[in-house]
Amino acid sequence: MTRDDAWALVQQFTKSESLRRHMLAVEAAMVWYAQKLGEDVELYAVTGLLHDFDYESHPVVGPDGHPFWGVAYLREHTDLPELILESILGHYRESGTPRVTTLARTLFAVDELTGFCTAATYVRPDRSVHNLETASVKKKLKDKAFAKGVNREDIAIGLEEMTQVISGLTLETHIENVLEGLRSRAETLGLAG
């Protein structure tokens, strides 16, 4: 499956513009990390795009819902490698699927953080990710009232798991890496101000 095939599948199953943008944001962060780590960019892009493609049509998390329904659909209708499917299952912590690959750890590490960085951009007067500073994101993470829907525990676990990929990775550097990914596609994501 190519990146364009994955995007067509997202468009087929997801009508919500905000959910589509979330998947595009995760893709942007995944691609940034793939380039940094010397990994397969297309593989990372497809994984980032597809991780939530079933969420709108099957929002109840569990065996008959997200992400299990989506992975079952992908197994039946595509020839995606198990590496991608396991990573998609692993991005939902309660699935019980361990994140042992760099791909799975990266997806989990960027998923919630891209949503948080997007929310932090939206409250800026200029609504531009280009002017959003890492320190501002880190400060907002401590404010439990801000972006309450973002799971901060997942962000912390994601960072911890990414330190197994990039030794010594700090929260500040991880935030900056995700911001760089978002900045690379700011126009498409509606984050250019």
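**Student:** Would you mind showing me how to read unusual backbone geometry here?
**Tutor:** The phi torsion of most residues other than glycine is negative, and most of the peptide bonds are trans. Residue Pro67 is reached from His66 by a cis peptide bond, and omega for that bond is -10 degrees. In this fold, Pro67 is placed in the loop between α3 (41-50) and α4 (68-77). The phi dihedral of Arg127 is positive, around 50 degrees, even though this residue is not glycine. Looking at the element boundaries, Arg127 is found in the loop between α6 (102-122) and α7 (134-142). The partly exposed category is assigned to Arg127, whose relative accessible area is 41%. Although it is not a glycine, Ala147 adopts a positive phi angle of roughly 50 degrees. Tracing the sequence through the fold places Ala147 in the loop between α7 and α8 (152-162).

**Student:** Mind showing me how you'd approach the packing of aromatic side chains here?
**Tutor:** To describe a pair of aromatic rings, one takes the distance between the centres and the angle between the planes. Overall, the coordinates contain seven aromatic pairs when judged by the stated rule. Measuring from centroid to centroid gives 5.4 Å for Trp69 and Tyr73, while their planes differ by 20 degrees, and the two rings are stacked. Of this pair, Trp69 and Tyr73 both sit in helix α4, four residues apart, which is roughly one turn of the helix. Tyr73 gets classed as buried once you look at its relative accessible area, which sits at 17%. In this structure an aromatic cluster arises from ring pairing among Phe13, Phe53, Trp69 and Tyr73.

**Student:** Please explain the environment of Tyr122 as it appears in this structure.
**Tutor:** Inspection of the secondary structure assignment puts Tyr122 in helix α6. Taking the C-alpha atoms as reference points, Tyr122 and Gly190, 68 residues apart in sequence, are found 9.5 Å from one another. Apart from the residues within four sequence positions on either side, Tyr122 is in contact with Arg21, Arg127, Leu189, Gly190 and Leu191.

**Student:** Sorry, what's going on with the packing of helix α1 (residues 3-13) against α3 here?
**Tutor:** In helix packing, the relevant descriptors are the interaxial angle and the interaxial distance, both defined with respect to the helix axes. Packing of α1 against α3 leaves a shortest axis separation of 9 Å and a crossing angle of 5 degrees. Considered as vectors, α1 and α3 are oriented roughly parallel to each other. Of α3, the residues touching α1 (which contributes Arg3, Ala6, Trp7, Leu9 and Val10) are Glu42, Ala45, Val46, Leu49 and Leu50. Looking at the contact of α1 with α3 residue by residue, the class counts come to eight nonpolar, no polar and two charged.

**Student:** Quick question: what am I supposed to make of the nonpolar core here?
**Tutor:** For soluble globular proteins, the rule of thumb is that nonpolar side chains tend to be buried together. Ranked by size, the top nonpolar core spans 54 residues in total, and within it Leu50, Phe53, Leu74, Val137, Val178 and Leu182 carry the most contacts. With nine residues, helix α2 (residues 17-37) is the single largest residue contributor to this core. Residue contacts for Leu50: discarding those within four places in its chain leaves Met1, Ala6, Leu9, Val10, Leu74, Leu80 and Ile88.

**Student:** How should the side chain of Asp52 be read in this particular structure?
**Tutor:** Assignment of secondary structure puts Asp52 in the loop between α3 and α4. Notably, Asp52 is buried but unbridged: the nearest opposite-charge side chain belongs to Arg99, and the N-O separation is 13 Å. Within polar-contact distance, the side chain of Asp52 engages the side chain of His91 at 3.1 Å. Apart from residues no more than four positions distant in its own chain, Asp52 is found in contact with Leu19, His22, Met23, His66, His91 and Asp111.

Conventions used here
- Residues numbered from 1 in each chain as written.
- Predicted model: local features only at pLDDT ≥ 70, side-chain atom pairs only at ≥ 80, totals over all residues.
- Heavy atoms only, no water.
- Helix = DSSP H or I, 4+ residues; strand = E, 2+ residues; numbered from the N terminus.
- Buried < 20%, exposed > 50% of the residue type's maximum accessible area, 1.4 Å probe, protein only.
- Phe/Tyr/Trp six-rings, centres within 6.5 Å; stacked < 30°, edge-to-face > 60°.
- Contact = heavy atoms within 4.5 Å.
- Axes fitted to C-alpha atoms, helices over the stretch in contact; angles between N-to-C directions.
- Parallel < 35°, antiparallel > 145°, perpendicular 65-115°, else oblique.
- Nonpolar A, V, L, I, M, F, W, Y, C, P; charged D, E, K, R; others polar.
- Core = buried A, V, L, I, M, F, W, Y, C linked by side-chain atoms within 4.5 Å.
- Lys, Arg positive; Asp, Glu negative; His and termini not counted.
- Salt bridge = Lys/Arg side-chain N within 4 Å of Asp/Glu carboxyl O.
- Polar contact = N/O pair within 3.5 Å; in protein donor to acceptor, adjacent residues only side chain to side chain.

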